[in-house]
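What follows is the residue order along each chain.
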Amino acid sequence: MSEELRSERVRKIEEKLRAAFEPLHLEIVDESALHAGHPGARSGGGHFRMTIVSAAFSGKPAVDRQRLVYAALSDLLGTEIHALSMRTMAPEEWGTGGSGGPRRDPFH
């Protein structure tokens with residue numbers, strides 16, 4: 001798969017998430033190359049990992065946050081997106097003493 005197609009997929013995902021959640025932080029990583037040859041990858045959908053921080057998630061449990069993300073990306077699921085690993089956080093969960101970074105990021 002070309003780098004151009006990967007970049008276009010990330011751009012589409014980012015555009016939809018920014019419109020839906022106005023995130024304070026958004027990181028999307030295309031991990032599709034790590035899944036080459038995987039049966040699910042044959043359909044052409046990509047594998048992505050993301051971290052998103054938004055006030056829209058304040059007071060909501062993780063499952064509700066994930067449902068909101070899936071709803072925002074619904075027209076890309078099954079076509080552009082085969083798999084999505086996500087970390088969703090409210091702003092109060094993100095910062096540590098004003099550093100602006102995550103307290104703990106399980107992806108790293």
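Structural data are supplied above this passage.
What counts, and at which threshold
Residue positions are counted from 1 within each chain, in the order its sequence is given. In keeping with the predicted nature of the model, local features appear solely for residues at pLDDT of at least 70, side-chain atom pairs appear and are counted solely at 80 or more, and the whole-chain, interface and lining totals rest on all residues. With hydrogens and water set aside, each side-chain value is computed from the structure's full complement of heavy atoms. Strands are runs of DSSP state E lasting at least 2 residues, helices are runs of H or I lasting at least 4, and numbering of each runs from the N terminus. For the exposure calls, accessible area comes from a 1.4 Å probe over protein chains only, and a residue counts as buried if that area is under 20% of its type's maximum, exposed if over 50%, partly exposed in between. Should any heavy atoms of two residues lie within 4.5 Å, those residues are considered in contact. Values of accessible area rely on a 1.4 Å probe in the Shrake-Rupley scheme; residue burial ignores everything except the protein chains shown. By convention in these notes, a salt bridge is any Lys or Arg side-chain nitrogen within 4 Å of a carboxyl oxygen on Asp or Glu.

Within the protein one finds three helices and three strands. Within the protein, the fraction of its 108 residues that count as buried is 33%. In the protein, 61% of the contacts between residues at least 6 apart in sequence involve partners at least 24 apart. Total accessible area computed for the protein in this model is approximately 6,100 Å², and 52% of it derives from carbon and sulfur atoms.

As a further point, take the side chain of Thr-88. Residue placement: Thr-88 occurs in strand S3 (residues 81-89). Among residues more than four places away in sequence, those in contact with Thr-88 are Ile-52, Phe-57, Arg-65, Val-69 and Glu-93.

Here the idea is simple: oppositely charged side chains can pair when their charged atoms come close. In the structure shown here, the tally under the stated rule is nine salt bridges. Put simply, Arg-11 and Glu-15 hold a salt bridge, and the shortest N to O gap is 2.9 Å. Remark: Glu-15 and Arg-11 occur in helix H1 (residues 3-21); sequence separation between them is four residues, near one turn of the helix. With its nearest N and O atoms 2.8 Å apart, the salt bridge here joins Arg-18 to Glu-14. In this pair, Arg-18 and Glu-14 are both assigned in helix H1, four residues apart and thus about one turn of the helix distant.

In this structure, Glu-22 takes a positive phi of about 45 degrees despite not being glycine. Within the secondary structure layout, Glu-22 lies in the loop between H1 and strand S1 (25-30).

Note that every value here comes from positions in space, so none of it alone points to a role or purpose.
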